[in-house]
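Listed here are the chains, written in short residue letters.
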Amino acid sequence: MEQLSKQKLVLVGLTLFSMFFGAGNLIFPPYLGASAGTNTWIAMAGFAVTAIGFPVLGVVAVARSGGLDKLAGRVHPRFAFIFTLLIYLSIGPCLAIPRTASTSFEMAVVPFLKEEGSGAFTQFLYSAVFFSIAFAVSLKPDKLTDRLGKILTPCLLALIVVIFAGCILHPAGSYGIPAKSYGSNPFVKGFLEGYLTMDTIAALNFGIIISLNVQAMGIKQEASVVKETIQAGFIAGGVLLLVYSALAHVGAVTGGALGIGENGAQTLNQAVRFLYGNVGLVMLAVIFFIACLNTCIGLISCCSRYFCTIVPKVGYRTWALLFALVSLVISNIGLNRILEISVPVLNAIYPVAIVLILLSFGFPDGRKWKAAYVCSIGLTGIASVLLSLEQTGLGFLNDGLSRLPLYDMGLGWIGPAIAGLLAGVLAGIASNRNRYRG
């Protein structure tokens, strides 16, 4: 068996971490801490399930099954195409890639603007430079380990450690009283907040780029590439857990002393201003720029490679340029608008991704248990789409959906998923018996 040295494996793990750790990963944990107060660690446990556990399992599931198309193909080839396309569009030019530029602009540039009227033009210039850099680096996706893992990620982690150390040595205050939304079910609230990082659906795609980097280091055997990719996933998950915990603590002590801000970005602003003054704002600007740029590069790379498989005549470079240009335009509609659009879309896709990942471990033989995949994914998809439509204001759906188990907790899709799984398992058992008798 071929294998990477420990040093190279850690570098690959840090590269995967940097691809995960972008805009949402920076702003959601501090806001969770500020809002949850004394319930921070219960809420963090739920957040860790959807923002760390499922993303790591997603990397493992895709690596073991040979790709997202093969994993989703256990349901049906058409489902595989549509689901994969929706995921790449949502983590690509429609939502996630534009969000990297708009979030980093809000944090790295807006605090330093003196003239209020110059914001729109400045944002366009900033996003143009931002996507130019991301496009240039993404042209060689097999070199991301050298560029992200060795240089940008260590700088990012060092800056976050400085902020966390400041909160330990000179805390603004103590954990405050939990906000109403985190008062009764902090674990479930944290679980749902983990959706917004988009990491579970991103994990279903990042395996492609990580495998390329493993192969670029000399690992050629398929089984060895899969093994090293999985180990890199666990390293990335461990680093994510440490960083999220640090940021949640920063948010908790800041919120307890200075009040709950409008979002996690404002919470971090309050923290660094208290600790380091104007120097802290510069430090935070660099953190957001590096984190968002890392994720943007990774997303452009994996999306471009996927669309090359759909339309081979259009080369990788052309796709990368197209995604950079489209994202440039969308990013200028503003961060708040992007976040408004992303919530219902993610609520529709995320449950399906979670169920698909769990099925890959419980029923690895996709042919034998095809009925389990079809029934469970089918009912999960219907429920999650209807629940998302209800969130957009379609009140007439409320009467029927409100009867679903766990509806009040925001987990109404779990009941249909379990019902579909049971029906699929029974159908699979009957089908396998008939096949055996025949």
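See the structure shown above.
So, how was this worked out
Residues numbered from 1 in each chain as written. Predicted model: local features only at pLDDT ≥ 70, side-chain atom pairs only at ≥ 80, totals over all residues. Heavy atoms only, no water. Helix = DSSP H or I, 4+ residues; strand = E, 2+ residues; numbered from the N terminus. Rg over C-alpha atoms; globule rule 2.2 N^0.38 Å. Buried < 20%, exposed > 50% of the residue type's maximum accessible area, 1.4 Å probe, protein only. Areas by Shrake-Rupley, 256 points an atom, 1.4 Å probe, with all protein chains shown as cover. Contact = heavy atoms within 4.5 Å. Salt bridge = Lys/Arg side-chain N within 4 Å of Asp/Glu carboxyl O. Phe/Tyr/Trp six-rings, centres within 6.5 Å; stacked < 30°, edge-to-face > 60°. Patch = residues over 30% accessible without salt bridge, like charges linked within 9 Å, V, L, I, M, F, W, Y side chains within 5 Å. Core = buried A, V, L, I, M, F, W, Y, C linked by side-chain atoms within 4.5 Å. Disulfide = S-S within 2.5 Å. Expected span 1.5 Å × (residues − 1). Bend = angle between axes of the 7 residues up to and from the residue. Axes fitted to C-alpha atoms, helices over the stretch in contact; angles between N-to-C directions. Parallel < 35°, antiparallel > 145°, perpendicular 65-115°, else oblique. Left-handed = near helix turned anticlockwise from the far one by under 90°. Nonpolar A, V, L, I, M, F, W, Y, C, P; charged D, E, K, R; others polar. 1 Å grid on protein atoms, 1.4 Å probe; cavity = no way out; pocket = protein on both sides within 12 Å on 5 of 7 lines; lining within 4 Å. Points joined across faces, edges and corners; volume = space filled by probe spheres on them.

### Describing the overall build of the protein
- Within the protein, the regular secondary structure consists of 18 helices and 0 strands.
- For the protein, whose C-alpha radius of gyration is 22 Å, the value lies close to the compact-globule estimate of 22 Å for 438 residues.
- Along the first, second and third principal axes, the C-alpha set of the protein runs to 75 × 50 × 40 Å.
- Relative to its 438 residues, the protein shows a buried fraction of 54%.
- Summed over all atoms, the accessible surface of the protein reaches about 18600 Å², with 66% contributed by carbon and sulfur.

### Overview of the environment of Leu-71
- Inspection of the secondary structure assignment puts Leu-71 in helix 4 (residues 68–72).
- When the C-alpha atoms of Leu-71 and Leu-204 are compared, they prove to be 9.6 Å apart, with 133 residues separating the residues in sequence.
- In this structure Leu-71 touches Ala-61, Val-62, Ser-65, Leu-356 and Ser-360, once residues within four positions along its chain are discounted.

### Remarks on the environment of Ile-414
- With respect to the helices and strands, the residue Ile-414 is situated in helix 18 (residues 414–437).
- Residues Ile-414 and Pro-351 lie 63 residues apart in sequence; the distance between their C-alpha atoms is 8.2 Å.

### Here's the deal with the pattern of salt bridges
- Under the criterion given, the structure shown has 1 salt bridge.
- Across the pair Lys-189 and Glu-193 runs a salt bridge whose closest N-O atoms are separated by 3.4 Å. Taken together, the residues span about one helical turn, with Lys-189 and Glu-193 both in helix 9 (residues 186–193) at a distance of 4 residues.

### Concerning the packing of aromatic side chains
- For the structure shown, the criterion picks out 15 aromatic pairs.
- Here the aromatic rings of Phe-21 and Tyr-244 are separated by 6.3 Å at their centres, their planes lie at 35 degrees, and the arrangement is tilted. Of the two residues, Phe-21 is situated in the loop between helix 1 (6–20) and helix 2 (23–36) and Tyr-244 in helix 11 (residues 222–258); the sequence distance between them amounts to 223 residues.
- A residue is classified by how much of its surface remains accessible, and Phe-21, at 0% relative accessible area, is buried.
- Accessibility expressed as a relative area gives 0% for Tyr-244, which makes it buried.
- Aromatic pair Phe-130 and Phe-131: ring centres 5.5 Å apart, planes at 90 degrees, arrangement edge-to-face. As far as burial versus exposure is concerned, Phe-130 and Phe-131 are alike and both buried.

### Some details on a nonpolar patch on the surface
- On the surface, Phe-81, Ile-82, Leu-86, Ile-310 and Val-311 cluster together to form a nonpolar patch covering roughly 410 Å² of accessible area.
- Per-element tally for the nonpolar patch: the top contributor is helix 5 (residues 77–91), with 3 residues.
- Topologically, Ile-82 is positioned in helix 5.

### Some details on the nonpolar core
- Phe-21, Phe-83, Ile-91, Ile-201 and Trp-413 are the most contacted members of the largest nonpolar core, which totals 132 residues.
- Of all the elements, helix 13 (residues 278–310) adds the most residues to this core, at 19 residues.
- Residues within four places of Ile-201 in sequence aside, it is in contact with Ile-87, Ser-90, Ile-91, Leu-346, Ile-349, Tyr-350 and Ala-353.

### Describing the state of the cysteines
- The full count for this structure, using the stated rule, is 0 disulfides.
- Here Cys-292 is not disulfide-linked; the sulfur of Cys-296 is the nearest cysteine sulfur, at 8.8 Å.
- For the unlinked cysteine Cys-308, the closest cysteine sulfur is that of Cys-303, found at 11 Å.

### Description of helix 10 (residues 199–216)
- With 18 residues, helix 10 ought to run about 26 Å at 1.5 Å a step, and its terminal C-alpha atoms sit 24 Å apart, in line with that.
- At Asn-205, helix 10 shows its maximal kink, close to 40 degrees.
- For helix 10, a buried count of 15 out of 18 residues is recorded, marking the element as mostly surrounded by other parts of the structure.
- After helix 10 finishes, the residue Gly-218 shows a positive phi value of roughly 105 degrees.

### Observations concerning the packing of helix 3 (residues 40–65) against helix 11
- As a packed pair, helix 3 and helix 11 sit with axes 9 Å apart at the nearest point and diverge in direction by 165 degrees. As the angle between them shows, helix 3 and helix 11 are arranged roughly antiparallel. Where helix 3 crosses over helix 11, the two elements pack in a sense that is right-handed.
- Of the residues assigned to the contact of helix 3 with helix 11, the class counts are 17 nonpolar, 6 polar and 1 charged.

### Concerning unusual backbone geometry
- Its identity is not glycine, yet Leu-406 carries a phi of approximately 65 degrees, on the positive side.
- By the element assignment, Leu-406 lies in the loop between helix 17 (398–401) and helix 18.

### Overview of the environment of Ser-90
- For Ser-90, the position within the fold is in helix 5.
- Here Ser-90 falls in the buried class, since its relative accessible area comes to 4%.
- With 238 residues separating them in the primary sequence, Ser-90 and Leu-328 have C-alpha atoms 15 Å apart.

### What to know about the packing of helix 1 against helix 10
- Closest axis-to-axis distance for the helix 1/helix 10 pair is 10 Å, and the angle between their directions is 145 degrees. Relative to helix 10, helix 1 is oriented so that their crossing is right-handed. Packed against helix 1, whose contacting residues are Val-12, Thr-15, Leu-16, Met-19 and Phe-20, the element helix 10 presents Asp-199, Ala-203, Phe-206, Ile-209, Ile-210 and Val-214 at the interface.

### A few points about empty space enclosed by the protein
- What the rule picks out here adds up to 1 cavity of 30 Å³ or more.
- In this structure, the largest cavity occupies an estimated 130 Å³ of space.
- What lines the largest cavity is a set of 17 residues, and nearest its centre among them are Ala-96, Arg-99, Thr-197, Thr-295 and Leu-299.
- Within the residue set of the lining of the largest cavity, elements represented by two or more residues are helix 1, helix 2, helix 6 (96–108), helix 10 and helix 13.
- When the residues that make up the lining of the largest cavity are grouped by side-chain class, the tally is 9 nonpolar, 6 polar and 2 charged.

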